[in-house]
Amino acid sequence: MTKPLFTGRIPISSESFTHFKADLIKNTKIDIRLIDTTNIFNIYVCSITPGDFSVTKREQGIKVDFDKFTKILCQFFLDLQNNEMIATFEKLTLKNQNEEIFKFTFLENNMFRNIVRLELLFYKPDDTEFRKYLSDLITRFEEDNVKLIRENLSLRDAFKQKSDEFTKVCEESETMLNDLKSKNEKLFQNNCLLEDENESLKNGHKKLEKRISDMNKIIENCKDDQEKASKLEVKNSTILRDLEELKRNLKKLEDENEILNKENRDFRDELKKVKRKFGDKEIRDLEQKEEIKMYIKEIDARKKEKKAIEEKFQTLQEAFYEKDLKLKEYERMNNALMKKLENAQSVYEHFYKKNVGNDLSDDVSNFTNLRPESPPHK
């Protein structure tokens, strides 16, 4: 049996048929069979010899040779399968002819009008051609049967192999399932234990949170105390600056007082010299009297100035004493705040080391940054 160049279902525009199975075979001639898909014994044949092709070529204006015509004919059938062309099949009525002839037309589908590409004449086969068709059909069935038997054997072997593999996989799956069940039971027991432990941890966590809130309050109080200590430090520094200024002013006043005392001593010595020089005699020279009066007035003025300086010095000493008392009071308050802060820090570290752990590392780092400030330098 010659292998067909084309075989397949094609759509037909006809009153009696909708689909044909077409076979295209080429030996020395071209044989085309159209088989009714609803009745395989209803067939139509078309044989084209090179001589018949010459007549058809002349009648239909075909421009290709016989070999190329075969390829184009195969392409026409493929276009029919892909709905790129349409085909009609109709019976011809001819006078003085007893044989039934059918016309198969290849049409190019166009929006304006269908263009005829090729027309072929088909007829009912005679007994010889019908036997040949049946022989080809039986041969094809036998070949298909052999292929099916081989495929069936290969599928049976593959099925057996897959069945063995599936059985093995099922056994392994059952073993794994049993192992997983035992593991699941163990995990369930461990989960129950972990849930109990989790509950206890939650309770402990709540207690720790309460303690942490208390310690946070203590930290806030310590921060407030530290702010107060900082403010006291600022006040202490201000007081120290004022004390330094008072000391400088006091030193200036002491220097001025020393100068005045020296001048006063000089005036007294000079006055004594004058008294010794003149004794109890009456001083006749008015200029000397005026000079003595001037010296006396200057001495009195210096005495008054000295007295004012002494009073101012006394006032500064009293202010310095009061500032010194305030400074000592501030230092005492600062020391008390530092002790309070150190006590709070030691209590917090005690609770942290005992209960908290790594979850409170950030709070501890923040708390340890709270250091008491150094006392003011005297």
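Definitions and limits used
Residues numbered from 1 in each chain as written. Predicted model: local features only at pLDDT ≥ 70, side-chain atom pairs only at ≥ 80, totals over all residues. Heavy atoms only, no water. pLDDT = per-residue confidence, 0-100. Helix = DSSP H or I, 4+ residues; strand = E, 2+ residues; numbered from the N terminus. Patch = residues over 30% accessible without salt bridge, like charges linked within 9 Å, V, L, I, M, F, W, Y side chains within 5 Å. Areas by Shrake-Rupley, 256 points an atom, 1.4 Å probe, with all protein chains shown as cover. Salt bridge = Lys/Arg side-chain N within 4 Å of Asp/Glu carboxyl O. Lys, Arg positive; Asp, Glu negative; His and termini not counted. Charge placed at Lys NZ, Arg CZ, Asp CG, Glu CD. Core = buried A, V, L, I, M, F, W, Y, C linked by side-chain atoms within 4.5 Å. Buried < 20%, exposed > 50% of the residue type's maximum accessible area, 1.4 Å probe, protein only. Contact = heavy atoms within 4.5 Å. Expected span 1.5 Å × (residues − 1). Pairing = 2+ DSSP bridges. 1 Å grid on protein atoms, 1.4 Å probe; cavity = no way out; pocket = protein on both sides within 12 Å on 5 of 7 lines; lining within 4 Å. Points joined across faces, edges and corners; volume = space filled by probe spheres on them. Nonpolar A, V, L, I, M, F, W, Y, C, P; charged D, E, K, R; others polar.

Some points on the confidence of the model for the protein
Close inspection of predicted coordinates is inappropriate for parts of the model with low pLDDT.
In step 1: Looking at the protein as a whole, the pLDDT averages 81, with 87% of positions reaching at least 70.
In step 2: Here helix H5 (residues 361–368) is the element of the protein with the lowest mean pLDDT, 50, and helix H2 (residues 66–81) is the one with the highest, 91.

Brief notes about a positive patch on the surface
In step 1: Side chains of Arg-268, Lys-272, Lys-273, Arg-276 and Lys-303 sit close together on the surface and give a patch of like positive charge.
In step 2: In terms of residue count, helix H3 (residues 127–278) provides more of the positive patch than any other element does, 4 residues in total.
In step 3: Among the structural elements, Lys-272 can be located in helix H3.

Some points on the nonpolar core
In step 1: Grouped together as the largest cluster of nonpolar side chains are 32 residues, with contacts concentrated most on Ile-10, Leu-73, Phe-77, Phe-89, Phe-104, Phe-106 and Phe-122.
In step 2: For this core, the secondary-structure elements that each account for two or more residues are strand E1 (6–11), strand E2 (19–26), strand E3 (30–36), strand E4 (39–48), H2, strand E5 (85–92), strand E6 (101–108) and strand E7 (115–123).
In step 3: Among the elements that make up this core, the one with the highest residue count is H2 (7 residues).
In step 4: Apart from residues no more than four positions distant in its own chain, Phe-89 is found in contact with Ile-12, Ser-13, Ser-14, Phe-17, Phe-20, Leu-34, Tyr-44, Phe-102, Lys-103, Phe-104 and Phe-122.
In step 5: By size, the runner-up hydrophobic cluster in this structure holds 13 residues, among which are Leu-232, Leu-253, Ile-309 and Tyr-330.

Side note on H2
In step 1: Compared with an ideal rise of 1.5 Å per residue, which puts 16 residues at 22 Å, H2 spans 23 Å between its outermost C-alpha atoms and is within 8% of the ideal.
In step 2: Among all positions of H2, only Phe-66, Phe-69, Thr-70, Leu-73, Cys-74, Phe-76, Phe-77, Asp-79 and Leu-80 are buried.

Examining the environment of Lys-71
In step 1: Inspection of the secondary structure puts Lys-71 in helix H2.
In step 2: For Lys-71, a relative accessible area of 65% puts it in the exposed group.
In step 3: Along the sequence, Lys-71 and Leu-5 sit 66 residues apart, while their C-alpha atoms lie 8.9 Å from each other.

With respect to the pairing of E3
In step 1: Most of E3 is tucked away: 7 of the 7 residues are buried.
In step 2: Of the two faces of E3, the one lined by Ile-30, Ile-32, Leu-34 and Asp-36 and the one lined by Asp-31, Arg-33 and Ile-35 are each fully buried.
In step 3: For E2 and E3, the ladder comprises 7 bridges, and the chain directions are antiparallel. Each residue of the ladder has a partner; that of Phe-20, found in E3, is Asp-36.
In step 4: Two elements, E3 and E4, share 7 bridges in a ladder whose sense is antiparallel. When the sheet's bridge partners are listed, Ile-32 is paired in E4 with Cys-46.
In step 5: Connecting E3 to the next strand, E4, in antiparallel fashion are 2 residues.

Remarks on the layout of surface pockets
In step 1: In this structure, the largest pocket encloses a volume near 440 Å³.
In step 2: Among the residues making up the lining of the largest pocket, the classes are represented as 8 nonpolar, 4 polar and 5 charged.

Remarks on unusual backbone geometry
With the exception of glycine, the majority of residues adopt a negative phi angle, and the majority of peptide bonds are in the trans configuration.
In step 1: Here Asn-83, not a glycine, exhibits a phi torsion of approximately 60°, which is positive.
In step 2: Relative to the helices and strands, Asn-83 is located in the loop between H2 and E5.
In step 3: Classification of Asn-83 by relative accessible area gives exposed; the value is 60%.

A word on the side chain of Asp-79
In step 1: Summarising the element assignment, Asp-79 is placed in helix H2.
In step 2: The buried charged residue Asp-79 lacks any salt bridge, with Arg-117 as its nearest oppositely charged partner at 6.6 Å.
In step 3: Excluding residues that lie within four positions of it along the chain, Asp-79 makes contacts with Glu-84 and Met-85.

Structural notes on the pattern of salt bridges
In step 1: Tallied over the entire structure, the rule returns 10 salt bridges.
In step 2: Between Arg-332 and Glu-329 there is a salt bridge, with the nearest N and O atoms lying 2.3 Å from each other. Here the residue Arg-332 and the residue Glu-329 both occupy positions in helix H4 (residues 286–356), the gap between them amounting to 3 residues, near one helical turn.
In step 3: On the basis of relative accessible area, Arg-332 is assigned to the partly exposed category, the value being 49%.
In step 4: Bridged by salt links that share partners, the residues Glu-90, Lys-103 and Glu-119 form one connected network.

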